[in-house]
Structures are given as C-alpha cells and as structure tokens.
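Residue-level listing of the chains:
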Amino acid sequence: MIKMEQFKNRHIGIAEADKQKMLEAIDLSSMDELIDQTIPSDIRLKEPLSLPKALSEQEYAEEIAHIASLNDIYTSYIGMGWYDTVTPAVIYRNVFENPVWYTSYTPYQAEISQGRLEALLNFQTVVSELTALPLANSSLLDEATAAAEAATMMYGLRSREQVKNGVETLFVDENTFPQTLAVLKTRMYYAGIEVVVGDYKTVTFDKPFFGAIIQYPNGNGNVEDYTDFTERAHKAECKVAVATDLMALAILTPPGEWGADIAFGSSQRFGIPMFYGGPSAAFFATRDEYKRSMPGRIIGISKDAYGREALRMALQTREQHIKREKATSNICTAQALLATMSSFYAVYHGPEGLRNIARRIHSIATHVSEELKGMGYKQLNNSYFDTLKISLPEGISMQDIRDNTEMRHINLRYFESGEVGISIDETTNVYRVHELLAAFAMTAGSSKEYLLEELPVKSGLKESQLRKSGFLAHPTFNSYHTETELMRYIKRLERKDISLAHSMISLGSCTMKLNAASELLPLGLAGFQRIHPFAPLEQVSGYTQMITELEEMLAEITGFAATSLQPNSGAAGEYAGLITIASYLESNGEGHRKVVLIPASAHGTNPASAVQAGFKPVTVASDANGNVDMGDLRVKVEQYRENLAAYMITYPSTHGIFETEIREMCRLIHEAGGQVYMDGANMNAQVGLTNPGTIGADVCHLNLHKTFAIPHGGGGPGVGPICVAEHLVPFLPGHPVTMSTDKNTVSGAAYGSAGVTEITYAYIRMMGAEGLKEATEAAILSANYVAEKLKDSYGIVYRGARGRVGHELILECRSLKEVSGITETDIAKRLIDYGYHAPTLSFPVHGTLMIEPTESESLAELDRFVSVMNQIHEEIIEVSRGEYTAEDNVLVNAPHPQYEVTADDWDHAYPRSKAAYPLPFVAENKFWVNVARVDNAYGDRNLVSCLCQQ
Ligand SMILES: *Cc1c(COP(=O)(O)O)cnc(C)c1O
C-alpha cells in the first residue's frame, strides 16, 4: 500500500539521499555509526519510545478539532485576572499567525530586530502611561509571578538600616487574587521571607515591613483608596507594589499618581484570548531610580554608528547571562509575542478607543448592579470598575443561581463565603446582559421582563476616583485606527526583522527549529481560545485530555514518572524543579541541604534560579576539554557532602558535548545524598536516543519553545514543564483554585500557558516515536556536517570523546581576532549583510560563536550558510593580510544599512557591491537593514524606554 504523506518528512529538512551525502562528508556510512560515536553507549535507550502512532497532518487536524470541541464554551463572568476580549482580526492575522513575528528570536541582535523592538517599546509606553510610572519592562511571565518579582525587587531595595535590623517581612493585602497569593507564598517561603496577609486598612506597621502588595481594583473587584495607606507605608520605609488592571486604569486614577512604587499585572484583556490560562503578557512598571533593580528586559532608544535613532535591549548587565547568581531575577524568555499583540491592540484603539472600551465595561457593570439590586440581590462592592460581588437573598442558594446560569452557558465566580462574582468584559453585549439578568431574575422569582434594548450609559465611580490625566498622546497611538493603516504599520515593522521566514537561525542552545503551520493552526479554534482557566472541570474535557496525554508523553520521552506543565519558561521550570527538590529534602528532614553544584559552563539562569529557590550555588570547574572537571566535582561533593542538595547539569553540555562521565556524576551526587537536576535545554540531542531518567537524573525541565516546536515569539511565550522521578511526584506544583493543594504554586494558572501546549502535543502526535528519533539523529548529523565544513577555517572548540560534536558546535573566533582584530561580534554583524541571524554570541565561551542548525534545515540551506561563514572567513583573512585596514573593512563596518549603501557618497576602501552583495545569492534575496551597528553604551547611559510625552 502507498503510505499517506508523513509529517516527519516535512519537519526534517534532510532528504534521505542528502543524508548519505552528509554522512560521506564526515567519513561515515550510516547514521548508527554516527550516533554510536556521539552518544555514550551506557546511556542509550534500549527500546523505542512508547508513544501513539504518528498521525498525518490531515489526520491530526481532524483529531484536534474533535478534542477542541470537547471544551464547552461558556460566557465567562469569572474574572479573577482573565477576561474575554476581542482580538482584532487584523492583529490576529498579521501578528499571531505571521511567522515573521512568531518565529523570530529575542532581539539581542538589535539591527535585525527593529520591528519587534519598536512594538515592545510601544508596549512599555502603554504600561508606563496607563500606570503613570516612568519605567516599564517589555513583559514578564504572568501577573502572579510578577507579584513575586515585585516582592523580590523591594526586598533587594531595602536600606542598609533595614538589612542590619533584619527587616524580612512582606505585607500582602488579603483581598489579592488567590493565585497571586499562592505564588507569593511559594516564592517567599523558599527565599526565607516572611509573609503577613492582612487588611491594609488596619495594618499598623508596628512590625516593620520592607514592602507591601495590594491590588487595585482589589481581588473582590472593589476600588479602594490607597492614598493614606501608601503614605503610612512610605513613612514606615515600606515600599508599595500594586497589582492592577490596564483596562481599569483607562478611567481610574493611576497608581503612579497615588504614590505606588511598582505597578504590575496582566495585559491579557488587551486582545489576548484566555487560552485556559495563558499565554499572555504580564507588565511591570516602576520609578526611574529603581531601573537597575528592574526584573525582565527593557527596550531602550539608542543610536547607530551614524548617530541615527535605533532601538535595542537596555541595561543587559542586570540580566542573569552576565550577573548569574547576582542577577535581579532569573527571567530569560518572557512573553514578547503577546506583549507585541497587546501593544498593537493599544495602537489600534488609541487613547480614546481604550477609554471607550473601559467606560462601556464600567457602564454595563453599573447597569447590572442596579438591576440586580432591584431584584433583591445585594451588591457588596461600593465602588467597582467591572466586577460585582453579589450576596444572595434569603432562600436562594448558590446552586440555584448556578443551575440557572449554567443552563444558559454562563459561568460566574463562586466565592467560598457564599457570594457570587460577576466580571464584565469587552465582549459583554446587550444580548449577553439580557441572558445574565434573566437568569438572576428567574432565580429570584422576579417577573420583570428584560427586553433587548441599548444599554444606558452609567457610572458608579466617584469623581475623586476618576483619572484626570491623559495618556498615549504619541502619534503612534493616534495614527493607525483603520485596518489599512494598522496592517501597513505592522508590515512596516515586520520588514525590519529577520525570522525563520528568511533564513536559518543557528542559535546554539536555542533550537530554532520549524514551527509547523499544522501545529499552530488549531490555536485558532474557539474551543481552545475562549476557555477561562477556572472554568468548571466538566466543561474542559478537551483541555484535560490533551494536557493529560501530553504530560504522559513528555514523561515517556524524559524517562520520568510525571510532568507539571505549570512553569511558563525554562528558567521558571528550573525554579519549579529546584523547589520540588527542596520540598522533598525537607520532607525527609534534610532541609539543611542548601548547596547546589553548578558547572562553570552553565547557562546564567541556573545560578539565578538556584538563588531564587533559596539555595547556595557553588561552581564546579571545567577541564581543558570543556567537560566537567571530575576531580573538582569530587572535591566539591566531599567538601559539601553534609549540605549538598542538588547538582544542576545541562546534557549534552552547553558545549554541545555528550560527556561520557555523566552516569558517574549522577552516582557521586546520589551517593552524597543530593538530587540531580538536568537542564533540558539541549533535549533536541536526546529525544528518542537517551533521556534524563535513563541517565540517572531525578528531575529535568524542558523548553517546549526550543525542542518541542513552540515558536520563540521574539522572546516568548515559553513553556518550561518539569518531569520528575517517582519520589518527587508528591511535591509537584499545586494550585489554589483548581488543584487539591496550593503548595509550590509557581504560576497563576494551573497548566501555565495551556493554550500553546497544543503545539507540542501536535508535534509529538504527528512525529511519533520514530519521527522524533529521526529528528534527533538529523540534528546531530547536521551539526557534525557543519563542523566538518568549518573546521579548517575557524576550528571547532570542543569535541566529544570520539571526535564528534552533539547537536551544536562552538566555532573558534579568538585566533582570528589575534591575527586580524576582527571579533566574534563583527562576524555576527557581518552575517546580517548576508541575510543571516548570528549564531549564539560568546556563550558559553567568550570569543566564540555557537551554531545549532537543528534538523529542520535542508542540505541546501546548510551549504549556503557554510559558504557565507567561509566567505566571511576570507574577508577576515583579507584584513589580516593588510588588504583592508583594521578601521575600514566590511566586518567592523557591518551591517551596512540601505541608507548608507544608496547614499551619494561612499568613502569606504571597498566597493558598495562588496558591502551589500558579497555572494551572488545575496543579491537575489537581499535583506536590507536600515540601521547601522547600534551603540549599546550610549543607550544605557541615556536610558529612554518610553515614547511618553512629557
Ligand atoms: C534557554 C536556556 C535556558 C532558559 O530558558 P528560558 O525558557 O529562556 O527561560 C536555560 N538553560 C539553557 C541551557 C538554555 O539554553
């Protein structure tokens, strides 16, 4: 029988015939030979993975449509941080469904990222102006973790006196969303910070607090006046961070105007579907003076080599890549794509449009409140934006209301204390109000008829609560209010960026592989989009089925017993995995074990996460071959034997090498009573061939946005699930609303960014066990092929015991610098002239580039990339021979922007054609940048991170 087209043949870039050619190029005759030489035999899987049979793309489309249909879409009035919203179709189609936006990388290479940098700068502007705080970052993971970041930041900002006096207590107002409270409790517990939950009205400050967290409007929906509280807090040297709602701030007095030091929250209702909890972008804003303590990435305005304005990521020296255990936070991947979408939502509506949406929401809430009072219900919020808290009259039970609303496919919030909550959102219309009121009327036995008529304009807010200040006056927010204008603005930005839609992005450790359209299309199904994370379980059978199966498949792939999908990034997974270990040790009476050994080559998030989890990181040296120095490891294990909690190891190593001593490392740690944490960022070299469970680890995180096909989104969303061995299962993250325990809650939603987990589900269901294994083999083959082709020009820094690299390779650039003065940064920037994104720069080894081709690139593309790298090598040699000076050559002047190449004067020592069209293929598909090399230092000295109009 002729087989149906298999997805793996679309995903894997190397055709069968090309595989043979590539094997020959590296002097091998079979794939098995290559894998035998690459992966130590004692960790190889004996059996194929046990996964469901691979589906074709069409079979999967049918299957997933069915699964989505098992989710019942109810109109949600649950609120609690998630609101239905209208995603403007022009944004959905041109951003969310557009590979240029969703496959691009975090904008470290500023010159090819000006589009997404501008969108993120717009996001910061929206946040800054709505909160009235001057400095905003370009997103955090979610509102609940943003609360924890705020607490940590306030803790770090304690005065010398406070540190000396041991001020270690955080105040949290009791009317804060339960998931925010749960994440705060988790994070503060492991950080050794005490949390006092109380009533902000009566708290005395007799006990000193370093910080306070309140919510505005509060967790019940009431709009409190915190002016007095903030004054009292500041007098007591306590900083104030407020969880808030951007939509409400369009009409309420913003926190910056009543004295808050930090404002944070979720921007989900700015056009992002609820997706059963995520992804959406959290925001975070603070005062200028705290800029060096700010978590997350900040986009700033700088200038290029010719003094023209250009954007780039500011103050990167705060980040974990550089600061490691001293970083302000472990945040790496955040929520860039969703922040971008929310920024376009604000651009599309503009200040007047946003105000109208907010006024309309408030007006409907006021109307519903009045009508319900008329039926005999009591509305407990004396002042509200969108949320009502209703106490039921005598004789009416919660179940009565529930029956009558669920019959109409309506979900309300049900308080444990017996009240019901109603949160109005942008999608609430006359018909929905009618249905809602009819359900309440029926329950109350009211005979009032509700007619479908236009809703009256109303407000229940006091004059003193209303926002008087304007916002978003910049032309960007006042020019693109028609679809044509917005579409063109989006396209204008898009054209400035390199993504996978242009060329291979060979970023080592980041695994920029194919994000297949058939994996992404189902995200458009309403059955996945319009589901509130706290919807009753019986309405979400589709999500439950998909999540359960995905958890099981990931556990099978990693060789572990169970999975938690809760963490929203790799770094968040590291944190979750480490506190799982901490809980386990504590339960065995071994809570004193606080030392985490981390190899020197580790990613910066590892030490930063260890500190966040309350551990003390200790570095283990590397040997001359880049491997863990076994001698040093033994010494450190002995030295810290009594207090050893864990060992964090990336495998294959961040050098891309399958270290042969890995089992011995695990044995040493276990024998000393420690746990082995495997950083799974490099799982693309393991899937189907080996796994952390088989190797002997106890827990790992996966980056679904690397190995498992979720697109990188220009810096998020990410999904960083953890998989654990049997003994750690009882300590996996809980959730206060939808799970049986709230212990170790690490995200606001029980399944984190549940929406995009569908992409990974699709990837595994369509690849099947055989396809996944072939993908890993192809990834290893491609890396070894590229290593072969570049070894003579640049040199390969590290190789495994039998001469092979893993799925990535580190290119030596230091010797070239010695003879020519050309740096790895110059090479990275010169690649832009050829239309390529740079490989990973100076990580994990300074003066090098790390290349990870992944399995998705074709031999033709690999050869093109190799020819470019070798041509650049030629250019470097020209400089070393003195053909061009150190000051004027194509490398140090790269990239060459269009305005420079087309200018009437040209006074470089080389011709324009050498600058812009260095190889014939470039001219055919030229990617033009329009900024020259960006000056990072200038922008850091003069931080401008907002288009705010002073
Ligand atoms: C990407 C990466 C991380 C961090 O993952 P995020 O999702 O960006 O938080 C951690 N470790 C390694 C080795 C990585 O490559």
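Calculation criteria
- Residues numbered from 1 in each chain as written.
- Predicted model: local features only at pLDDT ≥ 70, side-chain atom pairs only at ≥ 80, totals over all residues.
- Heavy atoms only, no water.
- Phe/Tyr/Trp six-rings, centres within 6.5 Å; stacked < 30°, edge-to-face > 60°.
- Helix = DSSP H or I, 4+ residues; strand = E, 2+ residues; numbered from the N terminus.
- Buried < 20%, exposed > 50% of the residue type's maximum accessible area, 1.4 Å probe, protein only.
- Lys NZ or Arg CZ within 6 Å of the ring centre and 35° of its normal.
- Polar contact = N/O pair within 3.5 Å; in protein donor to acceptor, adjacent residues only side chain to side chain.
- Contact = heavy atoms within 4.5 Å.
- Domains from an automatic or database assignment.
- Buried area = accessible area lost by both parts, 1.4 Å probe.
- Salt bridge = Lys/Arg side-chain N within 4 Å of Asp/Glu carboxyl O.
- Core = buried A, V, L, I, M, F, W, Y, C linked by side-chain atoms within 4.5 Å.
- Disulfide = S-S within 2.5 Å.
- Pairing = 2+ DSSP bridges.
- Near = heavy atom within 4 Å.
- Nonpolar A, V, L, I, M, F, W, Y, C, P; charged D, E, K, R; others polar.
- Axes fitted to C-alpha atoms, helices over the stretch in contact; angles between N-to-C directions.
- Left-handed = near helix turned anticlockwise from the far one by under 90°.
- UniProt positions renumbered as here; feature names shortened; annotations may be inferred.
- Parallel < 35°, antiparallel > 145°, perpendicular 65-115°, else oblique.

1. Re the packing of aromatic side chains
Here a ring pair, both rings aromatic, is described through the centre-centre distance and the interplanar angle of the planes. According to the stated counting rule, one finds 32 aromatic pairs in the structure shown. Here the aromatic rings of Tyr200 and Tyr226 are separated by 4.7 Å at their centres, their planes lie at 65°, and the arrangement is edge-to-face. Of the two residues, Tyr200 is situated in the loop between strand 4 (194-198) and strand 5 (211-216) and Tyr226 in the loop between strand 5 and helix 11 (227-235); the sequence distance between them amounts to 26 residues. Here Tyr200 falls in the buried class, since its relative accessible area comes to 7%. Overall, Tyr226 belongs to the buried group, its relative accessible area being 1%. Look at Tyr584 and Phe731: their rings are 6.1 Å apart centre to centre, the planes differ by 70°, and that puts the pair in the edge-to-face class. Of this pair, Tyr584 sits in helix 21 (residues 570-587) while Phe731 is found in the loop between strand 22 (722-724) and helix 26 (754-790), placing the two residues 147 residues apart along the sequence. Like Phe731, Tyr584 is buried. Pairwise contacts between aromatic rings join Phe171, Tyr200, Phe205, Phe209, Tyr216, Tyr226, Phe229 and Trp258 into one cluster. Cation over ring: Arg158 sits above Tyr155, and NZ or CZ is 3.8 Å from the ring centre.

2. Remarks on the side chain of Thr387
By secondary structure assignment, the location of Thr387 is in strand 12 (residues 387-391). Residue Thr387 is classed as buried on the basis of its relative accessible area of 8%. Reaching out from Thr387, the side chain makes a polar contact with the side chain of Asp386 at a distance of 2.7 Å. The residues contacting Thr387, other than those within four sequence positions of it, are Asn220, Gly221, Asn381, Ile422 and Ser423.

3. A word on the domain arrangement of the protein chain
Examined at the domain level, the protein chain breaks down into domain 1 (524-766) and domain 2 (782-941). The distance between the C-alpha centroids of domain 1 and domain 2 comes to 34 Å. On the side of domain 2, 16 residues touch domain 1, which itself brings 18 residues to the contact. Carbon and sulfur atoms supply 60% of the area that domain 1 and domain 2 bury against each other, a total of about 1100 Å² over both sides.

4. A closer look at the pattern of salt bridges
Within the structure shown, the criterion is met by 43 salt bridges. A salt bridge links Glu435 to Arg408, with the nearest nitrogen and oxygen atoms 3.8 Å apart. One end of the pair, Glu435, is in helix 16 (residues 430-444); the other, Arg408, is in the loop between helix 15 (398-406) and strand 13 (410-411), and 27 residues separate them in sequence. Here Lys914 and Glu878 are joined by a salt bridge, their closest N and O atoms 2.9 Å apart. Placement of the pair is Lys914 in helix 31 (residues 912-916) and Glu878 in helix 29 (residues 859-880), with a sequence separation of 36 residues. The pair formed by Lys914 and Glu878 is uniform in burial state, with each residue classed as buried. Salt bridges linked by common partners bring Glu63, Glu549 and Arg765 together as one network.

5. Quick notes on unusual backbone geometry
A cis amide bond, omega 10°, links Gly278 with the succeeding residue Pro279. At the junction of Ala894 and Pro895, the peptide bond is cis and its omega measures out at -5° in the coordinates. Looking at the element boundaries, Pro895 is found in the loop between helix 29 and helix 30 (898-901). Here Glu237, not a glycine, exhibits a phi torsion of approximately 60°, which is positive. Mapping Glu237 onto the fold places it in the loop between helix 11 and strand 6 (239-245).

6. Some details on the nonpolar core
With 235 residues, the main nonpolar core has Ile422, Leu597 and Leu633 as its most contacted residues. Here this core gets 20 residues from one element, more than from any other, and that element is helix 26. Summarising the domain contributions, this core has at least three residues from each of domain 1 (524-766) and domain 2 (782-941). Once residues lying within four places of it in the same chain are set aside, the contact partners of Ile422 are Tyr77, Val368, Leu372, Asp386, Thr387, Leu388, Ile390, Leu412, Leu436 and Phe440.

7. Here we look at the side chain of Ser138
Structurally, the position occupied by Ser138 is in the loop between strand 2 (135-136) and helix 8 (143-156). The buried category is assigned to Ser138, whose relative accessible area is 6%.

8. Observations regarding the state of the cysteines
Enumeration according to the criterion identifies one disulfide in this entry. Residue Cys946 pairs covalently with Cys948 via a disulfide, S to S 1.5 Å. Around the S-S axis, the bridge from Cys946 to Cys948 shows a dihedral of about 70° and counts as right-handed. With respect to burial, Cys946 and Cys948 carry one shared label: buried.

9. Brief notes about the pairing of strand 19 (residues 644-650)
Here strand 19 lies mainly inside the structure; seven of its seven residues are buried. Pairing of strand 17 (residues 595-599) with strand 19, which is carried by three bridges, proceeds in the parallel orientation. Residue pairing in the sheet places Leu597 in a bridge with Tyr647 of strand 19. With five bridges joining them, strand 19 and strand 20 (residues 675-680) adopt parallel strand pairing. By the bridge assignment for strand 20, Ala646 is matched with Gln675.

10. Some details on the site of the ligand
Lining the immediate surroundings of the ligand are 14 residues, of which Thr333, Ser509, Asp679, His705 and Lys706 lie closest. Between the ligand and the protein, one listed contact pairs an oxygen atom with a backbone N or O atom of Gly570 at 2.7 Å. Between the ligand and Asp679, the relevant distance is 2.7 Å, taken from a nitrogen atom to a side-chain nitrogen or oxygen of the residue. Element by element, the count of residues in the shell around the ligand is highest for helix 21, at three residues. Residues of the shell around the ligand, tallied by class, amount to three nonpolar, eight polar and three charged.

11. Some thoughts on helix 5 (residues 89-96)
For helix 5, the tally of buried residues reaches six of eight residues, placing the bulk of the element in the interior. Taken as a whole, helix 5 has its buried residues at Val90, Ile91, Tyr92, Asn94, Val95 and Phe96. Where the residues of helix 5 are buried, they touch helix 6 (99-102), helix 14 (336-374), helix 17 (483-494) and helix 19 (526-529).

12. A look at the packing of helix 10 (residues 178-191) against helix 21
Contact geometry of helix 10 with helix 21 gives a least axis separation of 12 Å together with a crossing angle of 65°. Considering only the axes of helix 10 and helix 21, their crossing is left-handed. Facing helix 10, whose interface residues are Thr186, Arg187, Tyr189 and Tyr190, helix 21 presents Tyr575, Ile579, Ala582, Ser583 and Glu586. Classifying every residue of the contact of helix 10 with helix 21 by side-chain character gives five nonpolar, two polar and two charged.

13. Digging into the UniProt feature "modified residue: N6-(pyridoxal phosphate)lysine" (unreviewed entry) in the protein chain
Mapped onto the present numbering, the UniProt feature "modified residue: N6-(pyridoxal phosphate)lysine" (unreviewed entry) falls at Lys706. Relative to the helices and strands, Lys706 is located in the loop between strand 21 (699-702) and strand 22. Engagement of the side chain of Lys706 in a polar contact is seen with the backbone oxygen of Ser509, the distance being 3.4 Å.

14. Thoughts on the sheet that holds strand 12
Strands sit in the order 11-12-15-14 across an open sheet of four strands; the sheet is antiparallel. The open sheet terminates on both sides in strands that have one partner only, identified here as strand 11 (378-379) and strand 14 (413-414). In terms of strand pairing, strand 12 meets strand 15 (residues 420-423) through four bridges, oriented antiparallel. When the sheet's bridge partners are listed, Thr387 is paired in strand 15 with Ser423.

15. Focus: the sheet that holds strand 22
Spatial strand order, 16-22-21-20-19-17-18: seven strands in an open sheet with mixed pairing. Every interior strand has two partners, whereas the edge strands, strand 16 (562-564) and strand 18 (616-620), have only one. Direction aside, the axes of adjacent strands within the sheet are offset by 25° on average. Strands strand 19, strand 20, strand 21 and strand 22 of the sheet are contacted by helix 21, whose axis makes an angle of about 170° with strand 20. Most of the contacts of helix 24 (residues 662-671) go to strand 20, to which it runs at about 140°, and overall it touches strand 17, strand 19 and strand 20.

16. What to know about the packing of helix 4 (residues 57-69) against helix 26
Closest axis-to-axis distance for the helix 4/helix 26 pair is 10 Å, and the angle between their directions is 140°. Here helix 4 is positioned oblique relative to helix 26, judged by the angle of their axes. Considering only the axes of helix 4 and helix 26, their crossing is right-handed. Taking contact as the criterion, the partners of Glu57, Tyr60, Glu63, Ile64 and Ile67 in helix 4 are, on helix 26, Glu758, Tyr761, Ala762, Arg765 and Met766. The residue makeup of the contact of helix 4 with helix 26, split by class, is six nonpolar, no polar and four charged.

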